[in-house]
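Next come the chains, spelled out residue by residue.
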Amino acid sequence: MSNSATDILALEKAFKRKLRTGVKHLCEHSSELSVWIGESGRCELQVQWDRDLYEALVRAIAHQQLHGRAAECILGRLCAGFRGDGFPTPQQLKRASTEKLRSMGFSSAKTIAIQGIATAAASGEIPSRAEATKLTDDELVERLLPLRGVGRWTVEMLLIFTLGRMDVMPVDDFGVKSGLKHLFNLEKTPRKSQFAELTDTWRPFRSIGAWYLWRRADASKILKT
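Residues numbered from 1 in each chain as written. Predicted model: local features only at pLDDT ≥ 70, side-chain atom pairs only at ≥ 80, totals over all residues. Heavy atoms only, no water.

Draft legend 1. Examining the overall build of the protein more closely. Along the protein, the regular secondary structure elements total 13 helices and zero strands. Relative to the 2.2 N^0.38 estimate, which gives 17 Å for 225 residues, the radius of gyration of the protein is 19 Å and therefore close to what a compact globule would have. Seen along its three principal axes, the alpha-carbon backbone of the protein occupies a region of about 55 × 40 × 30 Å. For the protein, buried positions account for 44% of its 225 residues. (Helix = DSSP H or I, 4+ residues; strand = E, 2+ residues; numbered from the N terminus. Rg over C-alpha atoms; globule rule 2.2 N^0.38 Å. Buried < 20%, exposed > 50% of the residue type's maximum accessible area, 1.4 Å probe, protein only.)

Draft legend 2. Structural detail: the environment of Ala-217. Within the secondary structure, Ala-217 is located in helix α13 (residues 206–224). Residue Ala-217 is classed as buried on the basis of its relative accessible area, which comes to 3%.

Draft legend 3. Inspection of the pattern of salt bridges at higher detail. Per the counting criterion, the structure on display carries eleven salt bridges. Across the salt bridge formed by Arg-203 and Asp-200, the nearest N and O atoms sit 3.4 Å from each other. The class of Arg-203 is partly exposed, set by a relative accessible area of 39%. What emerges from the salt-bridge pattern is a single network uniting Arg-51, Glu-55, Arg-59 and Glu-72. (Salt bridge = Lys/Arg side-chain N within 4 Å of Asp/Glu carboxyl O.)

Draft legend 4. Focus on the packing of helix α11 (residues 174–183) against helix α12 (residues 192–199). In contact at an axis separation of 12 Å, α11 and α12 are set at 55° when each is read in the N-to-C sense. On the basis of their axis angle, the class for α11 and α12 is oblique. The way α11 lies across α12 gives a crossing that is left-handed. Contact residues: Val-176, Lys-177 and Leu-180 in α11; Phe-195, Leu-198 and Thr-199 in α12. (Axes fitted to C-alpha atoms, helices over the stretch in contact; angles between N-to-C directions. Parallel < 35°, antiparallel > 145°, perpendicular 65-115°, else oblique. Left-handed = near helix turned anticlockwise from the far one by under 90°. Contact = heavy atoms within 4.5 Å.)

This is the structure in structure tokens:
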């Protein structure tokens, strides 16, 4: 069940306090990141507090290997293609025909993946938000990785942008790797083994650090144009 409006306001208020604490921590523990934070400004990390894990996973599948606008167009057709307001329920999605979902723009592989997620949600295999608050990051990864089409990166994005977890470092994310390379003026894209050396002092606020790395990667693209 999604959070109520009152719950969301409380979560947002608490999260903003954590962001301020986290930014201060990062500035104190990384001179390189401190300089970049000074240049780029306040952290604007946004969390979808009213989104359940089922919807977040389906949306993540839609976005895989697609430009954001194209994925949102497909998701718009998905929401409009079923009765009721908002996102289709797990029951609606798992019963939909392959042809219907393909006509909305989902590939065969993504159709199988999102219907598998819907089936898992309907049977209770995917935890609710309330259940998720009682699970650690590693426990959530263990619960969700068996789902078809769901990789570690997908779960990490859910942890950051749906659950607001503060200490996630998505080492396989291209933007994060690019941002780290530019932040530390590395000659090559950093290997997974280098992340611990370069970012472990950022704990327990590595999600905020990742957000600033995405901004650093964006800035490097602008400079190249």
